[in-house]
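Observations on the three-dimensional arrangement
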Amino acid sequence: MSGALWALLACSSTASKTEAAEATVRRFFEALPSGDCEVLGPLLATGGGMRPCEEAVREMREHGLSLVDIVESKLDGRDSDAVLVRARVAQDGEVGKEPWLLRVERRSGGWRVRF
């Protein structure tokens, strides 16, 4: 295979990963007002030292978090199954000055947001 073809395949793989990660962030924030961990749980990285879905979601809802926009996303250089997403997030309707850095990881065939 030529170098140009390899580069094209790598680029399309990167684009599909970043698009999937961004879509996961959008779906998570769209579902957040419901507080339903049946929907949110599969989109949220939990386990290990992470808080359970119910606790994390309750806190996010108490602070009125909402997605304003996604600024950029790129593969995490340490892990090819992780994407770093910079997102503008509002808290109680006030947009933060700096974007949040969210790590979105592919686990068990799905993408999950780590806060």
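Here the structure is shown first, and the text comes after it.
The structure displayed is predicted, hence computed values, not measured ones.

With respect to the helices and strands, Arg103 occurs in strand β4 (residues 100-107). When neighbours within four sequence positions are excluded, Arg103 is seen to be in contact with Asp76, Arg78, Asp79, Ala82, Val83, Leu84, Arg112, Val113 and Arg114.

For a regular strand, the rule is simple: side chains alternate between the two faces of the sheet. Here strand β5 (residues 110-114) shows a clear split, with Trp111 and Val113 buried on one side and none of Gly110, Arg112 and Arg114 buried on the other. Between β4 and the antiparallel strand that follows it, β5, lie 2 residues; Ser108 among them carries a positive phi value of about 50 degrees.

Further remarks concern the packing of aromatic side chains. According to the stated counting rule, one finds 3 aromatic pairs in the structure shown. Summarising the aromatic geometry, the rings of Phe28 and Phe115 are spaced 5.3 Å apart at their centres and angled 50 degrees between planes, so their arrangement reads as tilted. Within this pair, whereas Phe28 is found in helix α1 (residues 3-31), its partner Phe115 is found in the segment after β5, the two being separated by 87 residues in sequence. Relative accessible area serves as the criterion here: at 0%, Phe28 is assigned to the buried category. For the ring pair Phe29 and Phe115, a centre distance of 6.1 Å and an interplane angle of 75 degrees mean the geometry is edge-to-face. Placement of the pair is Phe29 in helix α1 and Phe115 in the segment after β5, with a sequence separation of 86 residues. When its relative accessible area of 33% is taken as the criterion, Phe115 is described as partly exposed. An aromatic cluster is present here, built from Phe28, Phe29 and Phe115 joined pairwise through their rings.

As a further point, take the layout of surface pockets. Roughly 200 Å³ of volume is contained in the largest pocket. Surrounding the largest pocket, 13 residues form its lining, Arg51, Ala56, Glu59, Met60 and Phe115 being those nearest its centre. With 3 residues, helix α3 (residues 53-62) is the single largest residue contributor to the lining of the largest pocket. Here the lining of the largest pocket is composed, by residue class, of 8 nonpolar, 3 polar and 2 charged.

Turning our attention to the nonpolar core. One finds Val25, Phe28, Phe29 and Leu32 to be the most contacted residues of the largest nonpolar core, which totals 24 residues. Within the residue set of this core, elements represented by two or more residues are α1, α2 (37-40), α3, β1 (65-76), β2 (79-91), β4 and β5. Per-element accounting of this core gives the leading share, 5 residues, to α1. When neighbours within four sequence positions are excluded, Leu32 is seen to be in contact with Leu40, Val57, Met60, Arg61 and Leu65.

So, on to the environment of Glu54. Within the secondary structure, Glu54 is located in helix α3. Classification of Glu54 by relative accessible area gives exposed; the value is 51%.

Before going further, it helps to examine the pairing of β1. Across 10 bridges, the pairing between β1 and β2 is antiparallel. Paired with Leu75 across the bridge in β2 is Val83. Hairpin connection from β1 to β2: 2 residues lie between these consecutive antiparallel strands.

Parameters and conventions
Residues numbered from 1 in each chain as written. Predicted model: local features only at pLDDT ≥ 70, side-chain atom pairs only at ≥ 80, totals over all residues. Heavy atoms only, no water. Helix = DSSP H or I, 4+ residues; strand = E, 2+ residues; numbered from the N terminus. Contact = heavy atoms within 4.5 Å. Buried < 20%, exposed > 50% of the residue type's maximum accessible area, 1.4 Å probe, protein only. Pairing = 2+ DSSP bridges. Phe/Tyr/Trp six-rings, centres within 6.5 Å; stacked < 30°, edge-to-face > 60°. 1 Å grid on protein atoms, 1.4 Å probe; cavity = no way out; pocket = protein on both sides within 12 Å on 5 of 7 lines; lining within 4 Å. Points joined across faces, edges and corners; volume = space filled by probe spheres on them. Nonpolar A, V, L, I, M, F, W, Y, C, P; charged D, E, K, R; others polar. Core = buried A, V, L, I, M, F, W, Y, C linked by side-chain atoms within 4.5 Å.

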